[in-house]
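Here's the letter readout for the chains.
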Amino acid sequence: MRFDIITIFPDFFQTVFDFGIVRRARAAGLVEVAAHDLRAWTTDKHRMVDDRPFGGGDGMVLKPEPLFAAVEALTGEVATDDAVAGESFRRRLSETRKRVVLLSPQGRVLEQSLAQELASEAEQVVVICGRYEGVDERVAEALVTDEVSIGDYVLSGGEPAAVVLVDALVRLVPGALGSETSAQNDSFSEGLLDWPHYTRPPEFRGMRVPEVLLGGNHAEIAGWRRRAALRKTRRQRPDLYARAELDARERNEIEERED
Ligand code: 6GU
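Right, let's walk through the structure included here. Computed from a predicted structure; not experimentally measured.

Conventions and cut-offs
- Residues numbered from 1 in each chain as written.
- Predicted model: local features only at pLDDT ≥ 70, side-chain atom pairs only at ≥ 80, totals over all residues.
- Heavy atoms only, no water.
- Helix = DSSP H or I, 4+ residues; strand = E, 2+ residues; numbered from the N terminus.
- Contact = heavy atoms within 4.5 Å.
- Areas by Shrake-Rupley, 256 points an atom, 1.4 Å probe, with all protein chains shown as cover.
- Lys, Arg positive; Asp, Glu negative; His and termini not counted.
- Charge placed at Lys NZ, Arg CZ, Asp CG, Glu CD.
- Buried < 20%, exposed > 50% of the residue type's maximum accessible area, 1.4 Å probe, protein only.
- Pairing = 2+ DSSP bridges.
- Right-handed = clockwise from strand over helix to strand, strands pointing away.
- Phe/Tyr/Trp six-rings, centres within 6.5 Å; stacked < 30°, edge-to-face > 60°.
- Salt bridge = Lys/Arg side-chain N within 4 Å of Asp/Glu carboxyl O.

### Focus on the overall build of the protein
Next, step 1: Within the protein, the regular secondary structure consists of ten helices and nine strands.
Next, step 2: In terms of principal-axis extent, the alpha carbons of the protein reach across some 70 × 40 × 40 Å.
Next, step 3: In the protein, of all internal contacts separated by at least 6 residues, the share reaching a separation of at least 24 is 70%.
Next, step 4: Of the roughly 15200 Å² that the protein leaves accessible, carbon and sulfur atoms contribute 49%.
Next, step 5: Distance between charge centroids for the protein: 5 Å, based on 34 positive and 45 negative side chains.

### Here's the deal with the pairing of strand β6 (residues 124–129)
Next, step 1: Where burial is concerned, most of β6 is hidden: six out of the six residues are buried.
Next, step 2: Where burial is concerned, the two faces of β6 agree: the one with Gln124, Val126 and Ile128 and the one with Val125, Val127 and Cys129 are both buried.
Next, step 3: Note that strand β1 (residues 2–7) and β6 share five bridges and pair parallel. From the neighbouring strand, Ile6 faces β6, where its bridge partner is Ile128.
Next, step 4: With six bridges connecting them, strand β5 (residues 98–109) and β6 associate as parallel partners. When the bridges of β6 are listed, Val101 appears paired with Val127.
Next, step 5: Regarding topology, helix α4 (residues 112–121) serves as the crossover connection from β5 to the parallel β6, and that connection is right-handed.

### Some words on the packing of aromatic side chains
Next, step 1: If you walk through the whole model with that rule in mind, you get two aromatic pairs.
Next, step 2: On the basis of an interplanar angle of 75° and a centroid distance of 5.2 Å, the ring pair of Phe12 and Phe13 is categorised as edge-to-face.
Next, step 3: Given the relative accessible area of 42%, Phe12 is considered partly exposed.
Next, step 4: Summarising the aromatic geometry, the rings of Phe13 and Phe17 are spaced 6.0 Å apart at their centres and angled 10° between planes, so their arrangement reads as stacked. Judged on exposure class, the residue Phe13 and its partner Phe17 are both buried.

### Comments concerning the pattern of salt bridges
Next, step 1: Evaluation of the coordinates by the stated rule reveals 19 salt bridges.
Next, step 2: Glu159 is the salt-bridge partner of Arg131, the closest N and O atoms lying 2.9 Å from each other. Placement of the pair is Arg131 in the loop between β6 and α5 (137–142) and Glu159 in helix α6 (residues 159–170), with a sequence separation of 28 residues. Across this residue pair, the class does not change: Arg131 and Glu159 are buried.
Next, step 3: For the salt bridge of Glu211 with Arg208, the shortest nitrogen-to-oxygen distance reads 3.5 Å.
Next, step 4: The exposure class assigned to Glu211 is exposed, which follows from its relative accessible area of 54%.

What follows is the structure, given as structure tokens:
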């Protein structure tokens, strides 16, 4: 899987992908990540990537020309310049397993299900880092397959979101994690939060590790973990808990306790 990140701050990405799972996946040749300076695709003397908004208002808007040139160069596909903006371009991208993601607060919120879709369907993900002030809308209309936000809060730009997106996708690439099953056990892959974890010592400052985890009864441990995950999800994320598929017995067991 290949990531091409288009940004006005390429230095931001200099070392951020050199750690942990992402570093290992790159070293193993499972993924490639490159950051590209949007300015490289400007043609004017001042290398302008943004301009004032039509209609007035604060802030600058990323211009379409360098973004179109960048995406065309990185995908090897030519975007349409006709009225059916982006239709045949997006079809050709789909046929060649490429996605063009625009990171912006106006996007669809990134969830594990979207990460799974992108990781399983895309061989190349071109990531456009938007600026908070805005990106010319013709980019979203004609160039982008997925407009994505990482949550309902404001970032100054898409760069931190690009790091989040790459990390979330890389760990879903087969072989990127130590054990093949780890990603399936991830928090959210079942729509629930993870269960609590403990390590040595069994007692620390008067706080004891739950007794069941110290014994070797694997069925009992699995049951405890399931219940603990459900209780934690109910308390921290009632929205997820409401969508969880529980049978009546399990629901009773969790909800009869008032914590
Ligand atoms: Cl992708 N970009 C910006 N600028 N702000 C955000 C975001 C993205 N996701 C959440 N907030």
